[in-house]
Amino acid sequence: MNPDNLQRTNRCTTEIQFPLQIKAVVIDLDGTLLDTAMDLASAANKMLAELGKSELPVATIQSFIGKGIQRLVKRSLTNSLDEEPDPELFNKALPIYQRNYHENLYTHTRPFPGVIEGLNTLKKDGFKLACITNKAEAFTLPLLRATNLLHYFEIVLSGDTLPKKKPDPLPLLHACHHFQIKPCELLLIGDSLNDTMAARAAGCHIFCVPYGYNEGRDVHELNCDAIVSSLLEATKLIKK
Ligand SMILES: O=C(O)COP(=O)(O)O
Ligand SMILES: [Mg+2]
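Residues numbered from 1 in each chain as written. Chains lettered and ligands numbered in written order. Predicted model: local features only at pLDDT ≥ 70, side-chain atom pairs only at ≥ 80, totals over all residues. Heavy atoms only, no water.

Student: For this particular structure, what's the right way to read helix α6 (residues 115–124)?
Tutor: A turn of α-helix holds 3.6 residues, and therefore any two residues three or four places apart point the same way. Taken together, the buried positions of α6 are Val115, Gly118, Leu119, Thr121 and Leu122. For α6, the buried positions fall inside an angular range of 160 degrees around the axis, keeping them on one side. Residues of α6 that are buried make contact with β2 (24–27), β4 (110–111), β5 (128–132), α10 (231–235) and β10 (238–239). Once α6 finishes, glycine 126 follows within two positions and takes phi at roughly 85 degrees, a positive value. (Buried < 20%, exposed > 50% of the residue type's maximum accessible area, 1.4 Å probe, protein only. Helix = DSSP H or I, 4+ residues; strand = E, 2+ residues; numbered from the N terminus. Arc of directions from axis to C-beta. Contact = heavy atoms within 4.5 Å.)

See the structure below:
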C-alpha cells in the first residue's frame, strides 16, 4: 500500500487509552535523543565570526533549531525565525556552517538522561524502532554512530532522505510502510511543533519531552497525547 493510502485509511479513530497499544516507536533526534544545542550553536557562532558578524547567545540559537540546518543558518544570519537573508550571503554561509559543524559534531553532544535506559527497554519489549530527524543525513549518521545509538534503529530518516521533512507527515508514513503497520500503531516521541504537526497529519500517536527545543515555545502548548519526562518514562505508557 502506498503511504498516501495509509494516511487516508488507517487513522486512529478510537479514544486513546493508556497504556497505548502500539507496534513501533519513532524517535526524534535533536532535543529528544541528543542534546545537540551546544555544538549546533558553536558552529553557528564560528560561522558568524568568519563572516565578520556578531555572535549570538546559545539560548537564541537553541530557539532556531527544529527545521533543519539550512533554516538554522538563515535564522542565525538574520537573528530571526522567519526572515530571509540575502541569497548570496546564505550561499557563502552554508558551507562555512557545514564545515564548522562537521569539525565539532559531538564535542558537547550527549544523550539526554533516560535515553539509553529507554531505548534498552523499548528493544527488550520488542518494539520496532526508527529515528526521524530534520537534520541532514551527513550529520545524523555520524552523530548516531559516535553516541552509540545507531544500532537501536531499524531505519533512520533524515531531513534530506525523502522529498519532504517534518512537519510533513511523509517520513512517518514512510516508516509505517516500512514496518507494514497502520499509523495508529506508531508512536512518535519528539520535542517540538514539527513533531506534533507531523504526527497529527499522519494519524500517529505523539508524546513530547519537556527538555528539548521547541523553537523557544512552551512544550505544554503542543497538541500531544502525553508529556513524558524521559524516554524511560514513555516506556511505562505503552504496550505491544
Ligand atoms: O535539525 C533540526 O533542526 C531539528 O532536528 P530534529 O527533527 O531531530 O529535532
Ligand atoms: Mg527535535
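Student: Sorry if this is basic, but what is going on with the UniProt feature "active site" (unreviewed entry) in the protein chain here?
Tutor: Listed under "active site" (unreviewed entry) in the UniProt record, and renumbered for this structure, are Asp28. Turning to its location among the elements, aspartate 28 is positioned in the loop between β2 and β3 (34–35). Filtering out sequence-adjacent residues up to four positions away, aspartate 28 remains in contact with Leu33, Ile132, Lys166, Leu188, Ile189, Gly190, Asp191 and Asp195. (UniProt positions renumbered as here; feature names shortened; annotations may be inferred.)

Student: Quick question: what am I supposed to make of the site of ligand 1 here?
Tutor: In the vicinity of ligand 1, the contacting residues are Asp28, Leu29, Asp30, Ile65, Gly66, Lys67, Gly68, Thr133, Asn134, Lys135 and Lys166. Note that an oxygen atom of ligand 1 is positioned 3.2 Å from one of the backbone N or O atoms of leucine 29. Between an oxygen atom of ligand 1 and a side-chain N or O atom of threonine 133, the distance comes to 2.6 Å. Coverage of ligand 1 by the protein amounts to 96% of the 280 Å² it exposes when considered alone. (Near = heavy atom within 4 Å. Polar contact = N/O pair within 3.5 Å; in protein donor to acceptor, adjacent residues only side chain to side chain. Areas by Shrake-Rupley, 256 points an atom, 1.4 Å probe, with all protein chains shown as cover.)

Student: Would you explain the sheet that holds strand β6 (residues 155–157) in this entry?
Tutor: Adjacent strands of a sheet form backbone hydrogen bonds with each other and so pair up, either parallel or antiparallel. With parallel pairing, the 6 strands of this open sheet are ordered in space as β6-β5-β2-β7-β8-β9. Two strands lie at the open edges of the sheet, namely β6 and β9 (226–227), each paired on one side alone. In the sheet, strand β7 (residues 186–190) pairs with strand β8 (residues 205–208) via 4 bridges, with the strands oriented parallel. Paired with isoleucine 189 across the bridge in β8 is phenylalanine 207. Sheet contacts for helix α9 (residues 193–202): β7 and β8; angle to β8, the most-contacted strand, approximately 165 degrees. (Pairing = 2+ DSSP bridges. Axes fitted to C-alpha atoms, helices over the stretch in contact; angles between N-to-C directions.)

Student: Whenever I open this one, the domain arrangement of the protein chain confuses me. Can you help?
Tutor: Interfaces are often sized by the amount of accessible area the parts lose when they come together. The assigned domain composition of the protein chain is domain 1 (3–35 + 109–239) and domain 2 (37–103). Contacts between the two partners involve 15 residues from domain 1 and, on the opposite side, 14 residues from domain 2. When domain 1 packs against domain 2, the two sides together hide about 1300 Å² of surface, and 55% of this comes from carbon and sulfur. The largest per-residue losses of area from domain 1 upon contact with domain 2 belong to Phe139, Tyr213 and Glu215, which jointly make up 50% of the total buried on that side. Run the count over domain 1 and domain 2 and you get 2 salt bridges. Among the salt bridges present, the one from lysine 67 reaches glutamate 215, with a minimum N-O distance of 3.0 Å. Seen at the junction of domain 1 and domain 2, the total is 8 residue pairs in polar contact (both at pLDDT 80 or more). Here the side of domain 1 that touches domain 2 is composed, by residue class, of 5 nonpolar, 5 polar and 5 charged. (Domains from an automatic or database assignment. Buried area = accessible area lost by both parts, 1.4 Å probe. Salt bridge = Lys/Arg side-chain N within 4 Å of Asp/Glu carboxyl O. Nonpolar A, V, L, I, M, F, W, Y, C, P; charged D, E, K, R; others polar.)

Student: Any chance you could explain the UniProt feature "binding site: Mg(2+)" (unreviewed entry) in the protein chain here in plain terms?
Tutor: Per the UniProt annotation, the sites labelled "binding site: Mg(2+)" (unreviewed entry) are Asp28, Asp30 and Asp191. Spatially, the listed residues are clustered: although they cover 164 residues, their C-alpha atoms lie within 8.2 Å of one another. Within the annotated group, the residues that form the lining of the largest cavity are Asp28, Asp30 and Asp191. Summarising the element assignment, aspartate 30 is placed in the loop between β2 and β3. (1 Å grid on protein atoms, 1.4 Å probe; cavity = no way out; pocket = protein on both sides within 12 Å on 5 of 7 lines; lining within 4 Å.)

Student: What exactly am I supposed to notice about the packing of helix α2 (residues 37–50) against helix α4 (residues 69–78) here?
Tutor: Between two packed helices, both the angle of their axes relative to each other and the distance between the axes serve to describe the pair. In contact at an axis separation of 10 Å, α2 and α4 are set at 50 degrees when each is read in the N-to-C sense. Here α2 lies oblique to α4, going by the angle between them. At the point where α2 passes α4, the crossing takes the right-handed sense. Contact residues: α2 offers Leu40, Ala44, Met47 and Leu48, while α4 offers Ile69, Leu72, Val73, Ser76 and Leu77. (Parallel < 35°, antiparallel > 145°, perpendicular 65-115°, else oblique. Left-handed = near helix turned anticlockwise from the far one by under 90°.)

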